[in-house]
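# Results of the structural survey
Next come the chains, spelled out residue by residue.
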Amino acid sequence: MNFNGERLKKARLYRNMTITELSEKINVTKQAISQFEKSSTQKGSISPKSDVFFSIVLALSFPKKFFEENDAYAMQIENTFFRALSTTRNLDKKTQEIKAEFVVRIYNFLNEYLDFPQLNLPDVSGMKLENLESVALCVREYWSIGNSPISNMINLLESNGIIISSFKVNNKKIDAFTQVHNTKGFEQFCVILGTDKQSMVRRSFDCAHELGHILLHNSLGDISLLENDEQREIEIQANQFAGAFVLPKDSFFNDLKYPNNLEYYINLKEKWKVSISAMIVRARQLERITNSEYQALMKKLSVKKWNIEEPFDDEWKPNEPILFRKSLDILNKNKIFTNRQFLEKLSSQGLSLNASDVEELLNLKKGYFDTVEYSIKDSILRLKKFT
């Protein structure tokens with residue numbers, strides 16, 4: 001029997017289980033689980049017996065074949081940017097890292113059939129981080145988006161080759177995160193947006209925050225090795241970049257005609273699609289209001305309970321990543337393969353997953369692989385030409 005212990009470890013982490021929890025669930029010792037996770041196809045390694053293997057499959061709810069496969073290619077995780085890196089439980093971080101890895105592997109598989117947007121990022125390495133206003137303007141100029149509001153941050157990032165998906169992360173400390181992969185010598189950036197908080201403007205700001213990490217901090221090496229104050233500093237920088245990017249200095253400054261009138265920010269929110277709290281922070285950064293005026297505005301915002309839910313939050317539907325769904329729809333409509341055949345083909349390439357897990361990872365509707373609704377309009381994708 002072939003058994004890949006590394007796959008057992010990935011499945012356990014994916015299900016957010018410790019070795020102890022899995023051992024209790026299948027009634028074997030922690031030492032046995034540890035040995036199984038170290039096993040390989042080489043002679044002398046310890047694999048579970050058939051009955052234990054069956055228990056593992058049931059406990060972790062992964063296809064049996066998943067534990068018998070090898071990855072089609074090596075993929076190295078170079079960095080993962082979590083908001084609360086030092087205080088987030090290691091198991092929770094590992095769970096999200098494994099999910100992001102699977103998202104990228106599925107992306108690369110689909111990229112064999114479709115021409116995905118190429119990674120298109122400006123080089124800001126020579127710019128000083130003390131002047132994040134200039135960095136933000138540089139990015140806007142590079143992408144030719146001027147100084148106007150950005151209507152869809154997710155589409156902007158997807159169109160420039162950043163991989164994005166969205167799923168429930170079940171952790172208040174992880175609103176969103178970015179994972180950097182080295183795949184066959186090329187860097188890939190994967191942004192995961194949590195669905196736990198349904199707010200269009202916060203999700204947009206999250207995208208800008210993660211873009212800040214990609215542009216500003218990818219050269220820092222393993223950020224988990226940084227001191228806590230250094231980790232806090234890069235979070236502050238990512239937030240400041242995000243504010244400068246979604247609310248460009250000159251045009252937003254000119255819009256701040258009544259910066260001390262909290263109700264006026266409702267009009268600004270309707271235009272800029274940025275939260276009122278973030279705009280007040282930005283007004284203070286631009287010295288359009290004093291510190292005492294900033295505090296007074298924030299107090300009024302809290303009294304109105306806008307710190308919990310702002311105007312429009314219950315009306316505006318959050319933007320969603322569309323690349324994966326569009327990809328599957330295009331392949332299906334062009335009879336490359338059906339959705340079920342997609343899962344089988346993915347399995348033949350060394351990644352056997354349940355339909356429900358793929359639906360979660362790719363932000364597809366529950367039951368997507370049973371029913372398909374075609375709604376292909378303008379798309380950033382096209383089929384590759386095969387000779």
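The following paragraphs examine the structure supplied in this document.

Definitions and limits used
- Residues numbered from 1 in each chain as written.
- Predicted model: local features only at pLDDT ≥ 70, side-chain atom pairs only at ≥ 80, totals over all residues.
- Heavy atoms only, no water.
- Buried < 20%, exposed > 50% of the residue type's maximum accessible area, 1.4 Å probe, protein only.
- Helix = DSSP H or I, 4+ residues; strand = E, 2+ residues; numbered from the N terminus.
- Arc of directions from axis to C-beta.
- Contact = heavy atoms within 4.5 Å.
- Phe/Tyr/Trp six-rings, centres within 6.5 Å; stacked < 30°, edge-to-face > 60°.
- Lys NZ or Arg CZ within 6 Å of the ring centre and 35° of its normal.
- 1 Å grid on protein atoms, 1.4 Å probe; cavity = no way out; pocket = protein on both sides within 12 Å on 5 of 7 lines; lining within 4 Å.
- Points joined across faces, edges and corners; volume = space filled by probe spheres on them.
- Patch = residues over 30% accessible without salt bridge, like charges linked within 9 Å, V, L, I, M, F, W, Y side chains within 5 Å.
- Areas by Shrake-Rupley, 256 points an atom, 1.4 Å probe, with all protein chains shown as cover.
- Salt bridge = Lys/Arg side-chain N within 4 Å of Asp/Glu carboxyl O.
- Lys, Arg positive; Asp, Glu negative; His and termini not counted.
- Charge placed at Lys NZ, Arg CZ, Asp CG, Glu CD.
- Pairing = 2+ DSSP bridges.
- Axes fitted to C-alpha atoms, helices over the stretch in contact; angles between N-to-C directions.
- Core = buried A, V, L, I, M, F, W, Y, C linked by side-chain atoms within 4.5 Å.
- Polar contact = N/O pair within 3.5 Å; in protein donor to acceptor, adjacent residues only side chain to side chain.

### As for helix α15 (residues 339–348)
Of all the positions in α15, only N339, F342, L343, L346 and S347 are classed as buried. Taken end-on, α15 shows its buried residues confined to a sector of 135°, consistent with a single buried face. Elements in contact with the buried residues of α15: α5 (90–110), α14 (323–333) and α16 (355–361). G350 occupies a position one or two residues after α15 and carries a positive phi of about 95°.

### Remarks on the packing of aromatic side chains
The way to describe two aromatic rings as a pair is by their centre distance and the angle between their planes. On inspection of all chains with the given rule, the structure shows 24 aromatic pairs. Taking 6.4 Å as the distance between ring centres and 70° as the angle between the ring planes, the aromatic pair formed by F62 and F67 counts as edge-to-face. Summarising the burial analysis for this pair, F62 and F67 share the class buried. Ring centres of Y113 and F337 lie 5.2 Å apart, and the angle between their planes is 80°; on these two criteria the pair is classed as edge-to-face. Remark: F337 occurs in the loop between α14 and α15 and Y113 occurs in the loop between α5 and α6 (132–142); sequence separation between them is 224 residues. Here Y113 and F337 have matching classes, each one buried. Ring pairing ties together the aromatic residues F3, Y14, F53, F62, F66, F67 and F102, which thus form one cluster. One Lys or Arg, K99, reaches over the ring of Y14 and ends 5.2 Å from the middle of that ring. Stacked on the ring of F253, the Lys or Arg R288 has its end atom at 5.5 Å from the ring centre.

### Some remarks on empty space enclosed by the protein
Here the idea is plain: a probe the size of a water molecule rolls over the atoms and shows the empty space left. Tallying each qualifying case throughout the model produces 2 cavities of 30 Å³ or more. Approximately 40 Å³ is the volume attributed to the largest cavity. In terms of lining, the largest cavity is formed by Y107, P117, E158, G161, I162, I163, I164, L323 and F324. Elements that contribute at least two residues to the lining of the largest cavity include exactly β2 (163–167) and α14.

### Looking at a negative patch on the surface
Side chains of E227, D229, E230 and E233 sit close together on the surface and give a patch of like negative charge. Within the secondary structure layout, E227 lies in the loop between α8 (200–217) and α9 (228–246).

### Topic: the sheet that holds strand β1 (residues 75–82)
One open sheet holds the 4 strands; their spatial order is β1-β3-β4-β2, and the pairing between them is mixed. Single-partner strands in this sheet number two, and they are β1 and β2. With direction set aside, neighbouring strand axes in the sheet form an average angle of 20°. By the bridge criterion, 5 bridges tie β2 to strand β4 (residues 186–194) in an arrangement that is parallel. Bridged to S165 within β4 is I192. Against the sheet, α8 contacts β1, β2, β3 (176–183) and β4, and its axis sits at roughly 155° relative to β4.

### Concerning unusual backbone geometry
At N16, a position not held by glycine, the phi torsion is positive, near 60°. Relative to the elements of secondary structure, N16 occurs in the loop between α1 (5–14) and α2 (19–26). Judged by its relative accessible area of 26%, N16 falls in the partly exposed class. Backbone geometry at F312 places phi at a positive 80°, although glycine is not the residue there.

### Side note on the nonpolar core
As a rule of thumb, soluble globular proteins bury nonpolar side chains together. The biggest cluster of nonpolar side chains holds 61 residues, and the ones touching the most others in it are F67, I106 and F342. Looking at which element gives the most residues to this core, the answer is α5, with 10 residues. Residue contacts for F67: discarding those within four places in its chain leaves N2, F3, N4, R7, L8, A11, F53, I56, V57, L60 and F62. Judged by nonpolar contacts, the second largest core, of 57 residues, contains C207, I234, F241 and Y265.

### A few points about the environment of S125
Along the chain, S125 falls in the loop between α5 and α6. For the pair S125 and V191, spaced 66 residues apart in sequence, the C-alpha separation works out to 21 Å. Separated by 2.6 Å, the side chains of S125 and D123 make a polar contact.

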